[in-house]
Amino acid sequence: MTIKPGDSASHRFTLTPELMDAFQAMSGDDSRIHTDDAFAKSRGYKGVIAYGGIMLAQLSRVVGTMLPGANGMSVKWAINYREPLYVGETAELRLEVAYASKDHGLVEGKFKITCEDRTIATGTTQSIVPKDEIAD
Amino acid sequence: MDTLEQITPVFRDLFDEYDGPIHRGLVAKDVPQWDSLANIQLAVMIEQATGVRFASDEFRKCANLGEVIDTIDRKKSAKA
């Protein structure tokens, strides 16, 4: 099956304490908004909020394994963070192909991360893809 | 809005380390970020901004930005 505008993929993930700890260890980012519950609450949040990088990691999973998949190579990601995601919550990332050029071997995607009725983040991707995997 | 004005935001977005002038005579060697990979991105982003599609060779063979603009304008006229 070849890639065409309108194709989509989605992935659900839960923000666990283990995921937060793993990302903190990997990134070295121990900023209080992500690690200190009392501090986050003092800033008006319900608790510590997700690292933005965790959402990019989920995007990496979708782009690299689902759409465009294993043969693609990302050349651009852009993300806007809209609302916080909290520990214990489950979110869904949905990526849709917005533009596909068989001539140039490039696919653009638009993605949205939601949690219940909240939009957590939105953004765009660009991937270089083998031309024979893109629809005419 | 002429075609140069139309595609200038695309240039600024893609080549975000280049703050020089954007003009018809611009060539890839003027812009450090403008390599073969960026050229593919540029082609597709210009397609989206203008609604004009390029064959891959057609875009690659343009000698400078002016030739890209002329190709866009020619295709727009043909569609009109």
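Residues numbered from 1 in each chain as written. Chains lettered and ligands numbered in written order. Predicted model: local features only at pLDDT ≥ 70, side-chain atom pairs only at ≥ 80, totals over all residues.

(A) Structural view of the overall build of chain B. On a plain count of helices and strands, chain B comes out with four helices and zero strands. Element order for chain B, N to C, with α for helix and β for strand: α-α-α-α. Compactness check: chain B gives a C-alpha radius of gyration of 12 Å against a globular reference of 12 Å for 80 residues, within 12% of the reference. Taking the principal axes of its C-alpha atoms as reference, chain B extends roughly 35 × 25 × 20 Å. Evaluated residue by residue, chain B yields a buried proportion of 21% over its 80 residues. Once local pairs closer than 6 in sequence are excluded, the contacts in chain B between residues at least 24 apart make up 53%. (Helix = DSSP H or I, 4+ residues; strand = E, 2+ residues; numbered from the N terminus. Rg over C-alpha atoms; globule rule 2.2 N^0.38 Å. Buried ≥ 20, exposed ≤ 12 C-beta atoms within 10 Å, placed from the backbone. Contact = placed C-beta atoms within 7 Å.)

(B) Fine view of the interface of chain A and chain B. In this complex, chain A contributes eleven residues to the contact, which on the side of chain B involves ten residues. Of all the secondary-structure elements, those providing two or more residues to the side of chain A that touches chain B are strand S2 (73–81), strand S3 (90–101), strand S4 (106–115) and strand S5 (118–128) of chain A. Split by residue class, the side of chain A that touches chain B holds four nonpolar, four polar and three charged. (Nonpolar A, V, L, I, M, F, W, Y, C, P; charged D, E, K, R; others polar.)

(C) Geometry of the pairing of S4(A). Residues and elements named next belong to chain A. Looking at chain direction, S3 and S4 are connected through nine bridges and run antiparallel. Pairing of leucine 95 across the sheet is with phenylalanine 111, part of S4. Linking S3 back to S4 in an antiparallel pair, the connection comprises four residues, with glycine 105 at a positive phi of about 65 degrees. Where S4 lies against S5, ten bridges are found, and the strand directions are antiparallel. Paired with isoleucine 113 across the strands is alanine 121, a residue of S5. Hairpin connection between S4 and S5: a loop of two residues separates the two successive antiparallel strands, and glutamate 116 in this loop has a positive phi of roughly 55 degrees. (Pairing = 2+ DSSP bridges.)

(D) How the structure looks around the environment of Glu5(B). Residue and element names in this part refer to chain B. Take glutamate 5: it is sitting in helix H1 (residues 3–14). Owing to 9 C-beta atoms within 10 Å, glutamate 5 belongs among the exposed residues under this scheme. C-alpha separation for the pair glutamate 5 and histidine 23, spaced 18 residues apart in sequence, amounts to 9.7 Å.

(E) Geometry of the nonpolar core. In terms of nonpolar packing, the biggest core is built from 34 residues, with Leu93(A), Val107(A) and Ala43(B) touching the most fellow members. Considering each element in turn, this core owes the most residues, six residues, to helix H2 (residues 36–50) of chain B. Those residues in contact with Ala43(B) that sit more than four places away from it in its chain are His104(A), Phe54(B) and Phe59(B). (Core = buried A, V, L, I, M, F, W, Y, C linked by C-beta atoms within 7 Å.)

(F) Quick look at the sheet that holds S3(A). All names here are of chain A. Taken together, the five strands give an open sheet; going across it, the order is S1-S3-S4-S5-S2, and neighbouring strands pair in antiparallel fashion. Edge strands, defined here as strands with exactly one partner in the open sheet, are strand S1 (8–14) and S2. Adjacent strand axes in the sheet meet at a mean angle of 20 degrees when their direction is disregarded. As defined by bridge partners, S2 adjoins S5 across eight bridges and the pair is classed as antiparallel. Looking across to S5, one finds that lysine 76 is bridged to glutamine 126. (Axes fitted to C-alpha atoms, helices over the stretch in contact; angles between N-to-C directions.)

(G) The arrangement of the environment of Asn39(B) in detail. Residue and element names in this part refer to chain B. Inspection of the secondary structure puts asparagine 39 in helix H2. Separated by 25 residues in sequence, asparagine 39 and leucine 14 place their C-alpha atoms 9.8 Å apart. Setting aside residues up to four positions removed in sequence, asparagine 39 forms contacts with Ala28, Trp34 and Arg60.

(H) Representation of the packing of H1(B) against H2(B). Residues and elements named next belong to chain B. Contact geometry for H1 and H2: axes closest at 10 Å, N-to-C directions at 135 degrees. Considering the angle they form, H1 stands oblique to H2. Pair H1 / H2 crosses with right-handed handedness. From H1, Thr3, Gln6, Ile7, Val10 and Leu14 reach across to H2, where they touch Ala38, Gln41, Leu42, Met45, Ile46, Ala49 and Thr50. Of the residues in the contact of H1 with H2, the class split is eight nonpolar, four polar and no charged. (Parallel < 35°, antiparallel > 145°, perpendicular 65-115°, else oblique. Left-handed = near helix turned anticlockwise from the far one by under 90°.)

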